[in-house]
Amino acid sequence: MAGYNIPDTDYMVSGHVGCPGCGATIAMKFALKAMGEKTMVVIPACCWGVIAGPYPQSSLKVPILQTAFATAGATASGLRAALDMKGDSETTVMAWAGDGGTFDIGIQALSGAVERNEDFIYVCYDNEAYMNTGVQRSSATPFGSRTTTTPGKGWKKNRKKNMVEILAAHRIPYAATASIAYPEDMIRKFDKARRMKGGTRFIHVFATCPTGWRIPSEMSVKIARLAVQSNVFPLYEVENGVKYTINVEGSRPVADYFKIQGRFKHLTDEDFEKIQNMVDKDWELLLRKTSYFDRLT
Amino acid sequence: MKEVLEGSHAVSQAVRLAKVQVMSAYPITPQTHIVEALSEYCADGTMDARFICVESEHSAMAAVIGASSAGIRTFTATSSQGLALMHELLHWASAGRLPIVMAEVNRALAPGWNIWMDQTDSLAQRDTGWIQLYCEDGQEVLDTVLQAYRLAETVNLPVMVVLDAFFLSHTFEPVDIPGQDLVDRFLPPFSPKIALDTSDPFAIGQMAPPNVYMEMRRDVQKAMEQVLDIFSGVEQEFLNIFGRTYGPVERFYCDDARIIMVVTGTAAGTCRQVISDLRSKGEKVGMLKLKMFRPFPVNLIREDLGRVQKIAVVDRNFSFGASGIFAQEIRAALCNHPGHPPVFGYIAGLGGRDVTVDTLSEIYWKTKESDAPEDESVWVGLVNC
Ligand SMILES: Cc1ncc(C[n+]2csc(CCOP(=O)(O)OP(=O)(O)O)c2C)c(N)n1
Ligand SMILES: [Mg+2]
């Protein structure tokens, strides 16, 4: 993975309106490096709907189609069908949605598109809440987090939904997690997804949000790295819903990741123990899935 | 060539002849026959098109919006609950200036579940920026779908072609299916004014702050204001090639009429009979069939209705807390027209109840015998009330 060639060309320009340290912005920059100019980006309501720029400006050098919050999967399906009818197989359609647009309001359209095995890449940049509307909880918000709809003692007591597993259950050709702290791994995955034409590819990108997570903007990448190093957000790939490959193995305690974020500052050592336990069990499950496939082949 | 066809299949045949390339729809009675036939055309190669079997109407409209944004001719069809579910996307289509054509089968909204004729579903979407055209029979349905593409692609606005549940969607009638060569002459391949293109990247549907939003909405209205003229040009060409024409409104015995009954959809067929019967008894009555509801043909309404003694509007729909929707719009069109006649509003035939010759005769006599409307809306044919 190290030394993977990162293309020089950028398709994101300066002057976008992302917050300082915005992980979603870093994610787009890396993604488009791998995708190149023959890409059309479909964006439902989310922070990126704003970051992309107000009419008549655009922060991307590729076409953008903005669409309703729940519709990334469906709009991308229609766009793909039109390009196919025009005989344009070269252009890749890339849906680019937040966690709310993917885990919650858009899950129906996404599931429909994946079941039809539509030929596009669906990216969820996951900042673990509805950031555009002011940090409300989503089903991607992790256990323990405060948001504006899980405030004070009402901090979130439910687990984060496991989206990659939901997609694996669709037997999607390719599903992967990626992190803005691992650009080479991320660009490799986008490049791989781009080349795998003919079916749906899903990339779940961990994208820190300094504003919503109450972390200093300069800690954005470091905290994303800690999420991987503590196995809170493992980097792995799933092919055809069954072939699992783990890319990075973490070993740090979860507290290293949690303790430096404002959104978790109310948590106690007891809570960290509980979270450590959940993360360990999830990791164990992931290892088992990986070895299960190894036994199958 | 004439064939005996269901109203639904008149739609499907027109979509085939229009050489639509991307379709997406979700099944709902009574729209199903339209999309089943189209699926068959795709499966057996009759059409060179993609039919995207989405998981909801919300997604169906989103999918055709995606396809239309790339400059492809698109189609969808729905009814009732499905149209209600699409509501959010209807605005995306019109403000996105996408020439999408949709067949909408008028059906009642739940609760209670009711699959039968009622216009409240389409009329509740009157503020979404879609052109709305209401049809009376199978031939008009086929012709209107073809005209809708010409119209939509000229003004860059989406068009809803509306037909009555069952009374039209499931009724078999002889329909002249034109040859492909003639249709090609009338409807050339779509050449989009806007289409996403990687060699000329731009953004569609992006953020529109207060400094630009109002002008964008004004542009939609400006396009709407051109529709009537463009439609008459489209109709003229249609007439030249196919020998048929309908008009945004149709006048039946209106010239010397003292009372004009305003009707839409299949009720117009019944009303023709009623008018003929009444005329044979010496009654000075006429009918105005309203085909175009959006844009509302205000000037035509003033011209045709402004000078009669009384107007009787038959609404198979209702706006709660107000009145029948066609009556409401006609009142609004006439209110600045000096000396306009009283508008009698009648609610009839909701949720699939028949609007019979007797219903319409009752409406006529009530109107004739009253000096002024007894109420904003008079509900006709209620049981146990
Ligand atoms: C149907 C609908 N409901 C609600 C909204 C308001 N809304 C816009 S963006 C957003 C949250 C987006 O969250 P997410 O998908 O996680 O993206 P993020 O803003 O975090 O980048 C919400 C609730 C909307 N635009 N449309
Ligand atoms: Mg989010």
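Above this text you will find the structure in question.
Residues numbered from 1 in each chain as written. Chains lettered and ligands numbered in written order. Predicted model: local features only at pLDDT ≥ 70, side-chain atom pairs only at ≥ 80, totals over all residues. Heavy atoms only, no water.

### Brief notes about the site of ligand 1
Link 1 in the chain: Taken together, 17 residues sit near ligand 1, with Gly100, Gly101, Tyr125, Met131 and Asn132 of chain A positioned nearest.
Link 2 in the chain: Nearby residues around ligand 1 are contributed by chains A and B.
Link 3 in the chain: At 3.0 Å from an oxygen atom of ligand 1 is found a side-chain nitrogen or oxygen belonging to asparagine 127 of chain A.
Link 4 in the chain: At 2.9 Å from an oxygen atom of ligand 1 is found a main-chain nitrogen or oxygen belonging to alanine 129 of chain A.
Link 5 in the chain: Protein chains bury 76% of the 590 Å² of accessible surface belonging to ligand 1 in isolation.
Link 6 in the chain: Here the element with the most residues in the shell around ligand 1 is helix 4 (residues 99-104) of chain A; it accounts for three residues.
Link 7 in the chain: Considering only residue class, the shell around ligand 1 consists of nine nonpolar, six polar and two charged. (Near = heavy atom within 4 Å. Polar contact = N/O pair within 3.5 Å; in protein donor to acceptor, adjacent residues only side chain to side chain. Areas by Shrake-Rupley, 256 points an atom, 1.4 Å probe, with all protein chains shown as cover. Helix = DSSP H or I, 4+ residues; strand = E, 2+ residues; numbered from the N terminus. Nonpolar A, V, L, I, M, F, W, Y, C, P; charged D, E, K, R; others polar.)

### Side note on the interface of chain A and chain B
Link 1 in the chain: Between chain A and chain B, the contact holds 40 residues from the first and 36 residues from the second.
Link 2 in the chain: Buried area between chain A and chain B, summed over both chains or domains, comes out near 2,900 Å², and the portion from carbon and sulfur atoms is 66%.
Link 3 in the chain: Note that arginine 50 of chain B and aspartate 84 of chain A form a salt bridge whose closest N and O atoms lie 3.7 Å from each other.
Link 4 in the chain: Across the contact surface, chain A and chain B share ten residue pairs in polar contact (both at pLDDT 80 or more).
Link 5 in the chain: Of all the elements, helix 3 (residues 72-85) of chain A adds the most residues to the side of chain A that touches chain B, at ten residues.
Link 6 in the chain: For the side of chain A that touches chain B, the residue count by class is 19 nonpolar, 14 polar and seven charged. (Contact = heavy atoms within 4.5 Å. Buried area = accessible area lost by both parts, 1.4 Å probe. Salt bridge = Lys/Arg side-chain N within 4 Å of Asp/Glu carboxyl O.)

### Examining the side chain of threonine 71 of chain A
Link 1 in the chain: By the element assignment, threonine 71 of chain A lies in the loop between strand 2 (64-66) and helix 3.
Link 2 in the chain: Taking the relative accessible area as the measure of exposure, threonine 71 of chain A reaches 0% and is therefore buried.
Link 3 in the chain: The contacts of threonine 71 of chain A, once residues within four sequence positions are left out, are His58, Ala62 and Leu89 of chain B. (Buried < 20%, exposed > 50% of the residue type's maximum accessible area, 1.4 Å probe, protein only.)

### Description of helix 9 (residues 220-229) of chain A
Residue and element names in this part refer to chain A.
Link 1 in the chain: All of the buried residues in helix 9 are Ser220, Ile223, Ala224, Leu226, Ala227 and Val228.
Link 2 in the chain: Along its buried surface, helix 9 packs onto helix 1 (23-35), strand 5 (174-179), strand 6 (201-206), helix 8 (210-213) and helix 10 (254-258).
Link 3 in the chain: Backbone geometry just after helix 9 places asparagine 231 at a positive phi near 65°.

### A few points about the packing of aromatic side chains
Link 1 in the chain: For the coordinates displayed, the defined rule picks out 22 aromatic pairs over all chains.
Link 2 in the chain: Each ring, one from tyrosine 134 of chain B and one from phenylalanine 293 of chain B, has its centre 6.4 Å from the other, and the planes form 90°; the classification is edge-to-face. One end of the pair, tyrosine 134 of chain B, is in strand 6 (residues 131-134); the other, phenylalanine 293 of chain B, is in strand 13 (residues 292-294), and 159 residues separate them in sequence.
Link 3 in the chain: On the basis of relative accessible area, phenylalanine 293 of chain B is assigned to the buried category, the value being 0%.
Link 4 in the chain: Through pairs of rings, three or more aromatic residues link up here, namely Tyr257, Phe258, Phe264 and Phe272 of chain A.
Link 5 in the chain: Residue placement shows arginine 150 of chain B over the ring face of phenylalanine 186 of chain B; its charged tip is 5.2 Å from the ring centre.
Link 6 in the chain: A cation sits over an aromatic face here: arginine 272 of chain B above phenylalanine 252 of chain B, 5.4 Å from the ring centre. (Phe/Tyr/Trp six-rings, centres within 6.5 Å; stacked < 30°, edge-to-face > 60°. Lys NZ or Arg CZ within 6 Å of the ring centre and 35° of its normal.)

### Describing helix 3 of chain A
Residues and elements named next belong to chain A.
Link 1 in the chain: Along its 14 residues, helix 3 runs 20 Å from first to last C-alpha, staying within 8% of the 20 Å computed at 1.5 Å per residue.
Link 2 in the chain: With 13 of 14 residues buried, helix 3 is to be regarded as a mostly interior element.
Link 3 in the chain: After helix 3 finishes, the residue glycine 87 shows a positive phi value of roughly 80°. (Expected span 1.5 Å × (residues − 1).)

### Some points on the pairing of strand 6 of chain B
Residue and element names in this part refer to chain B.
Link 1 in the chain: Going residue by residue along strand 6, you find Ile131 and Leu133 tucked away on one face and Gln132 and Tyr134 tucked away on the opposite face as well.
Link 2 in the chain: For strand 6 and strand 7 (residues 159-164), the ladder comprises four bridges, and the chain directions are parallel. Bridging across to strand 7, isoleucine 131 finds its partner in valine 159.
Link 3 in the chain: With helix 6 (residues 138-155) bridging strand 6 and its parallel neighbour strand 7, the resulting β-α-β unit is right-handed.
Link 4 in the chain: Where strand 6 meets strand 13, two bridges bridge the pair, whose relative direction is antiparallel. Bridge assignment links glutamine 132 to a residue of strand 13, and that residue is arginine 294. (Pairing = 2+ DSSP bridges. Right-handed = clockwise from strand over helix to strand, strands pointing away.)

### Details of the nonpolar core
Link 1 in the chain: Among the nonpolar cores identified, the biggest contains 86 residues, and Leu79, Tyr122 and Phe202 of chain A together with Met61, Ile301 and Ile330 of chain B are the most heavily contacted of them.
Link 2 in the chain: Each of domain 1 (2-242) and domain 2 (251-379) of chain B accounts for three or more of the residues forming this core.
Link 3 in the chain: When near neighbours in sequence (up to four residues on either side) are disregarded, isoleucine 301 of chain B contacts Leu288, Leu290, Phe296, Gly306, Ile330, Ala333 and Leu334 of chain B.
Link 4 in the chain: Cys46, Val62, Tyr257 and Val279 of chain A belong to the second-largest nonpolar core, a separate cluster that totals 66 residues. (Core = buried A, V, L, I, M, F, W, Y, C linked by side-chain atoms within 4.5 Å. Domains from an automatic or database assignment.)

### Regarding the environment of glutamate 376 of chain B
Residues and elements named next belong to chain B.
Link 1 in the chain: The topology assignment puts glutamate 376 in the loop between helix 12 (357-369) and strand 16 (378-379).
Link 2 in the chain: Along the chain, glutamate 376 and serine 232 lie 144 residues apart, while their C-alpha atoms are 33 Å from each other.
Link 3 in the chain: Beyond its immediate chain neighbours, meaning those up to four positions away, glutamate 376 contacts Arg331 and Gly345.

Fair warning: the whole summary comes from geometry, so function is off the table for now.
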